[in-house]
Amino acid sequence: MSSHPQGPGRRNFLKMSGAAALGSPLVAGGTDTGGGASARPRGLPPLKITEVRVIVTCPGRNYVVVKILTNEPGLYGVGDATLNGRELAVATALKEHIAPLLIGRDPEQVEDVYQYLYRGSYWRSGPVQMTAIAGVDEALWDIKGKRAGMPVYQLLGGRTRVGALAYTHASGNEFSEVEDAVRRGMERSFKCVRAQVGLPGLAGTYGTSVTKKSEEHAGRVDQQAGLPETEIFEPSVYLRTVPKLFAHLRSKLGEEVELLHDTHEKLGPIEGARLARELEPFHLFFLEDLLRPEHKESFRVIRQYSTTPLAMGELFNSLWDCVPLISEQLIDYIRCDLGHIGGITNARKVASLAEAFHVKTAWHGPADVGPPTHAASVHLDIAIPNFGVQEMVFWPEATQEVLPGAPTFKDGYINVGDTPGLGTDVNEDAAKKYPYKRAYLPTARRIDGSVQDW
Ligand code: GCO
Ligand code: MG
């Protein structure tokens, strides 16, 4: 690898190549070691990435953590690169393909690193690659914040709100169980609760085949072993059941609590339109992921029939996945996962695009992405003008031990403090106590045995 083009080495190079005279950034053949920013404005010494550690750990469930070290003693950044059920694919991409590209680079050139990793690999987008990039991106923003002595939200423009309105999960097999779970959320001061119910006669349905504590940990923390479970789903049963659940909840809980529901990409367009229309009287905060991510144009059908607010996006991996739904105003909330769409650098572009089209954000925030991604989401939430709501979880003790510093929750809002950077960290010794366990997401089939989206 040739020498890094920052500092004196770079200035000599520019003199020699004549590029300085043209005022152009570094453009030359040979090994790419960094972008074309001009000399350091603040008189800080040049910074270089010296090591990239990829830590795979399972404190209750699997997480992939990226720790980027620099030549400044003690200065490092931590990002989360967890992709539920495909953790080792991301860890390998990071270790084998991405880490070698980062050594010697200036960690402050966050956008340039993002562009280089996204477009520079030629093979672009996809969940594995974009999760790996997100881990790097979060670590770089963490370094930038630490170096500036500021929390990341300050670097993004400063606070626009006191905290981020948060939602929790409630589920059960009977309407009364779901009602009790929503009440527990409300008692805990949540103003917004997502409600999911089991389907009569069918074994396990997305969001319900979990422990009674599901609303607390919002994930399959106890179910990550062996081979995938198969759930059974039938659209007709689902479509008959869900409107009745919300009729029940509204009659018992009143109008004030904000209710949300996740279809998890299971329906076709006319089924989705029917559900959205039948749920209208119950005034959902939003109805999430009605259709598979491939069928963006089919959201037009749903819009034609219903005024129920729609959310979509946790399976999107690029800015361009978001463009059709946002630019046609086919959704009301864009809910990409910062950890699967390349981190803060890309998500803030999604947010700005959405701002121009009356679309708000609702970043994906389940237990299967780690605390640094949750923190990154909240830093963005409290800095942008078009924030909508933030999905959140409470972390089990083991996760807090390994990945301390997650955002905190109070009076219905999630928040980050003033610690420089993202505020999250990794305890590498503690991580070693919890080795990776192979784990899969569940899968689903119809009653006739055919494959169904889970
Ligand atoms: C949500 C999501 C999650 C996903 C999970 C898959 O809205 O919270 O749908 O529960 O199922 O992230 O790994
Ligand atoms: Mg979802």
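Residues numbered from 1 in each chain as written. Chains lettered and ligands numbered in written order. Predicted model: local features only at pLDDT ≥ 70, side-chain atom pairs only at ≥ 80, totals over all residues.

Caption draft 1: Quick peek at the overall build of the protein chain. Regarding its fold elements, the protein chain presents 15 helices and 16 strands. Counting every position in the protein chain, which comprises 454 residues, the buried fraction comes to 48%. Put simply, of all contacts in the protein chain between residues at least 6 apart along the chain, 75% involve residues at least 24 apart. (Helix = DSSP H or I, 4+ residues; strand = E, 2+ residues; numbered from the N terminus. Buried ≥ 20, exposed ≤ 12 C-beta atoms within 10 Å, placed from the backbone. Contact = placed C-beta atoms within 7 Å.)

Caption draft 2: Inspection of the environment of Thr424 at higher detail. In this structure, Thr424 sits in the loop between β14 (413–415) and α15 (428–432). You can call Thr424 buried: it has 26 C-beta atoms within 10 Å. Along the primary structure Thr424 and Pro372 are separated by 52 residues, whereas in three dimensions their C-alpha atoms are 5.7 Å apart. Aside from chain neighbours lying at most four places away, what touches Thr424 is Val78, Pro371, Pro372, Ala375, Leu403, Gly405 and Ala406.

Caption draft 3: Focus on the nonpolar core. Judged by nonpolar contacts, the single largest core of 111 residues is most densely connected at Val136 and Ile331. When we break this core down by domain, the ones giving at least three residues each are domain 1 (30–36 + 43–151) and domain 2 (155–452). Setting aside residues no more than four positions away along its own chain, Ile331 makes contact with Phe299, Leu310, Ala311, Met312, Leu325 and Val359. (Core = buried A, V, L, I, M, F, W, Y, C linked by C-beta atoms within 7 Å. Domains from an automatic or database assignment.)

Caption draft 4: Just the packing of helix α6 (residues 175–187) against helix α8 (residues 235–253), in detail. Put simply, α6 and α8 touch, their axes get as near as 10 Å, and they point 50 degrees apart. On the basis of the axis angle, α6 is oblique to α8. α8 is crossed by α6, and the crossing has right-handed handedness. Across from Phe175, Val178, Glu179 and Val182 in α6, the residues of α8 making contact are Leu245, His248, Leu249, Lys252 and Leu253. Residue composition of the contact of α6 with α8, by class: six nonpolar, one polar and two charged. (Axes fitted to C-alpha atoms, helices over the stretch in contact; angles between N-to-C directions. Parallel < 35°, antiparallel > 145°, perpendicular 65-115°, else oblique. Left-handed = near helix turned anticlockwise from the far one by under 90°. Nonpolar A, V, L, I, M, F, W, Y, C, P; charged D, E, K, R; others polar.)

Caption draft 5: Fine view of the confidence of the model for the protein chain. Per-residue pLDDT for the protein chain averages 90, and the proportion of residues at 70 or more is 88%. In this model residues 1–27 is a low-confidence stretch, pLDDT under 50, and it forms 31 contacts with partners more than four residues away in sequence or in other chains. Here residues 210–224 is a poorly scored stretch, pLDDT under 50, and it has 35 contacts once near neighbours within four places are set aside; other chains count. (pLDDT = per-residue confidence, 0-100.)

Caption draft 6: Structural context of the site of ligand 1. Taken together, Asn84, Asp262, His264, Glu314, His364, Pro366, Asp368, Glu391 and Leu441 are the residues near ligand 1. By residue class, the composition of the shell around ligand 1 is two nonpolar, three polar and four charged. (Near = placed C-beta within 6 Å.)

Caption draft 7: View of α6. Taking 1.5 Å of rise per residue, the 13 residues of α6 would be expected to cover 18 Å, and the 18 Å separating its terminal C-alpha atoms lies within 8% of that figure. In the segment just after α6, Ser189 is the residue with positive phi, at about 85 degrees. (Expected span 1.5 Å × (residues − 1).)

Caption draft 8: Spatial organisation of the sheet that holds strand β16 (residues 451–452). On the basis of which strands lie adjacent, the open sheet formed by three strands has the order β6-β15-β16 and mixed pairing. One side of each edge strand has no neighbouring strand; the edge strands of this open sheet are β6 (230–232) and β16. Judged from the three bridges that link them, β6 and strand β15 (residues 443–445) form a sheet pairing that is parallel. Residue pairing for β15: Glu231 is matched across the bridge by Ala444. (Pairing = 2+ DSSP bridges.)

Caption draft 9: Seen up close, the sheet that holds strand β1 (residues 49–57). Taken together, the three strands give an open sheet; going across it, the order is β1-β2-β3, and neighbouring strands pair in antiparallel fashion. What marks the edges here is a single partner per strand, and that holds for β1 and β3 (76–80). The mean angle between the axes of side-by-side strands here comes to 20 degrees, regardless of whether they run parallel or antiparallel. When strand β2 (residues 63–70) meets β3, the two strands line up antiparallel, connected through five bridges. Residue pairing across strands places Leu69 opposite Tyr76, the latter belonging to β3. Along the sheet face, helix α2 (residues 87–102) touches β1 and β2 and points at about 175 degrees away from the line of β1. Along the sheet, helix α4 (residues 127–148) contacts β2 and β3; its crossing angle with β3, the most-contacted strand, is approximately 145 degrees.

Caption draft 10: Structural detail: unusual backbone geometry. Backbone geometry at His264 places phi at a positive 60 degrees, although glycine is not the residue there. Along the chain, the position of His264 falls in the loop between β7 (258–262) and α9 (269–278). Positive phi, close to 55 degrees, is recorded for Gln329, a residue that is not glycine. Along the chain, Gln329 turns up in the loop between α11 (319–327) and β10 (333–334). The exposure class assigned to Gln329 is exposed, which follows from the 12 C-beta atoms found within 10 Å.

Caption draft 11: Focus on the packing of α2 against α4. One can describe the packing of α2 onto α4 by two numbers: an axis separation of 9 Å at closest approach and a directional angle of 55 degrees. By the angle between their directions, the pair α2 and α4 is classed as oblique. Like other packed secondary-structure pairs, α2 and α4 cross with a definite hand, here right-handed. Every residue of α4 that contacts α2 at Ala89, Val90, Ala93, Leu94, Ile98 and Leu102 is listed here: Val128, Gln129, Thr131, Ala132, Gly135 and Val136. Considering only residue class, the contact of α2 with α4 consists of nine nonpolar, three polar and no charged.

Caption draft 12: Expanded view of α4. The end-to-end C-alpha distance of α4 is 31 Å, a good match for the 32 Å that 22 residues give at a rise of 1.5 Å each. Counted residue by residue, α4 has 18 buried out of 22 residues, so it is predominantly covered.

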